[in-house]
Amino acid sequence: MEQTFIMIKPDGVQRGLVGEIIIRFEKKGFSLKGLKLMTVDRPFAEKHYEDLSSKPFFGSLIEYITSGPVVAMIWEGEGVVKTGRTIIGATNPAQSAPGTIRGDLAIVTGRNIIHGSDSVESAQKEIALWFPDGPINWQSSLHPWIYE
Ligand SMILES: Nc1ncnc2c1ncn2[C@@H]1O[C@H](COP(=O)(O)OP(=O)(O)OP(=O)(O)O)[C@@H](O)[C@H]1O
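Residues numbered from 1 in each chain as written. Predicted model: local features only at pLDDT ≥ 70, side-chain atom pairs only at ≥ 80, totals over all residues. Heavy atoms only, no water.

This part is about the nonpolar core. With 18 residues, the main nonpolar core has I21, F25, W75, I101, I113 and I114 as its most contacted residues. Every element with two or more residues in this core is listed here: β1 (3-8), α2 (18-28), β3 (70-76), α5 (80-88) and α6 (101-105). Apart from the residues lying within four places of it in its own chain, the contact partners of I114 are I6, M7, I8, K9, I21, F25, I88, I101 and R102. Among the nonpolar cores identified, the runner-up in size contains 17 residues, and A45, I65, A72 and I127 belong to it. (Core = buried A, V, L, I, M, F, W, Y, C linked by side-chain atoms within 4.5 Å. Buried < 20%, exposed > 50% of the residue type's maximum accessible area, 1.4 Å probe, protein only. Helix = DSSP H or I, 4+ residues; strand = E, 2+ residues; numbered from the N terminus. Contact = heavy atoms within 4.5 Å.)

Now the structure itself:
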């Protein structure tokens, strides 16, 4: 089934929002297939955000992501990449709808507390980068209560 890469950024960890964020994905019915608290160095952060290397905010983005521990996760479920982005909300929290993670919990783009893969292809790339050993293979006993 489809998987996505979700990362709680250093501000989300520092602000004690890890549980609040995880519960939104769990309650939706998505399944946790990988989870770790880690710090990343500059080369790793630059690799993760390599598509944004020409952006003027790239330097501050790398500073931000390497400024403290992050929570890296793999979530699985039908349509999880797109629905995950919907749950997260728009990049700029000022434009994120209420009810979304960024809409409820963040104020500015440079401290938007969470990352989610933007396509199935980037999810596969990001999961391979962050979880070289791959996901944990298990199935929730709730599966038949979530899917027909
Ligand atoms: N104009 C900006 N000023 C400062 N930081 C920015 C700006 N635009 C984007 N960022 C930072 O770079 C991250 C990646 O930008 P991108 O355009 O890929 O948005 P996104 O896909 O919503 O975010 P993410 O990849 O973190 O889920 C944003 O989440 C934000 O932390």
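Per the UniProt record, the feature "active site" (unreviewed entry) sits at H115. Tracing the backbone shows H115 in strand β4 (residues 114-116). Judged by relative accessible area, H115 falls into the buried class, the value being 11%. Among all residues touching H115, those that are not within four sequence positions of it are F5, I6, M7, K9, H48, Y49, I88, R102 and E126. (UniProt positions renumbered as here; feature names shortened; annotations may be inferred.)

For A90, the location among the structural elements is in the loop between α5 and α6. With 13 residues separating them in the primary sequence, A90 and G103 have C-alpha atoms 7.9 Å apart. In this structure A90 touches Q95, S96 and R102, once residues within four positions along its chain are discounted.

Mapped onto the elements, D11 comes out in helix α1 (residues 10-14). No salt bridge is formed by the buried D11; its nearest oppositely charged neighbour, R111, is found at 5.3 Å. Residues within four places of D11 in sequence aside, it is in contact with Y64, R111, N112 and I113. (Lys, Arg positive; Asp, Glu negative; His and termini not counted. Salt bridge = Lys/Arg side-chain N within 4 Å of Asp/Glu carboxyl O.)

This part takes up unusual backbone geometry. One non-glycine residue with positive phi stands out, namely I113, at about 60 degrees. Within the secondary structure, I113 sits in the loop between α6 and β4.

This next bit is on the site of the ligand. Of all residues adjacent to the ligand, which total 13 residues, the nearest are K9, R85, T91, N112 and H115. Contacts to the ligand include R85, whose side-chain N or O atom sits 2.9 Å from an oxygen atom. Protein coverage of the free-state accessible area of the ligand, which is 580 Å², stands at 75%. Here the ligand is seated within the largest pocket. Residue assignment for the shell around the ligand shows that the elements contributing at least two residues are α4 (58-65) and β4. (Near = heavy atom within 4 Å. Polar contact = N/O pair within 3.5 Å; in protein donor to acceptor, adjacent residues only side chain to side chain. Areas by Shrake-Rupley, 256 points an atom, 1.4 Å probe, with all protein chains shown as cover. 1 Å grid on protein atoms, 1.4 Å probe; cavity = no way out; pocket = protein on both sides within 12 Å on 5 of 7 lines; lining within 4 Å. Sits in = over half its atoms within 2 Å of the grid points.)

All chains considered together, the criterion is met by three aromatic pairs. K36 extends its terminal NZ or CZ atom over the ring of F131, reaching a point 4.6 Å from the ring centre. (Phe/Tyr/Trp six-rings, centres within 6.5 Å; stacked < 30°, edge-to-face > 60°. Lys NZ or Arg CZ within 6 Å of the ring centre and 35° of its normal.)

Turning to the packing of α2 against α5, a few remarks are in order. The interhelical angle for the contact between α2 and α5, taken along N-to-C directions, is 135 degrees, at an axis separation of 11 Å. Considered as vectors, α2 and α5 are oriented oblique to each other. Crossing of α2 over α5 shows right-handed handedness. Listed contacts from α5 to R24, F25 and K28 of α2 are T83, G84, I87 and I88. (Axes fitted to C-alpha atoms, helices over the stretch in contact; angles between N-to-C directions. Parallel < 35°, antiparallel > 145°, perpendicular 65-115°, else oblique. Left-handed = near helix turned anticlockwise from the far one by under 90°.)

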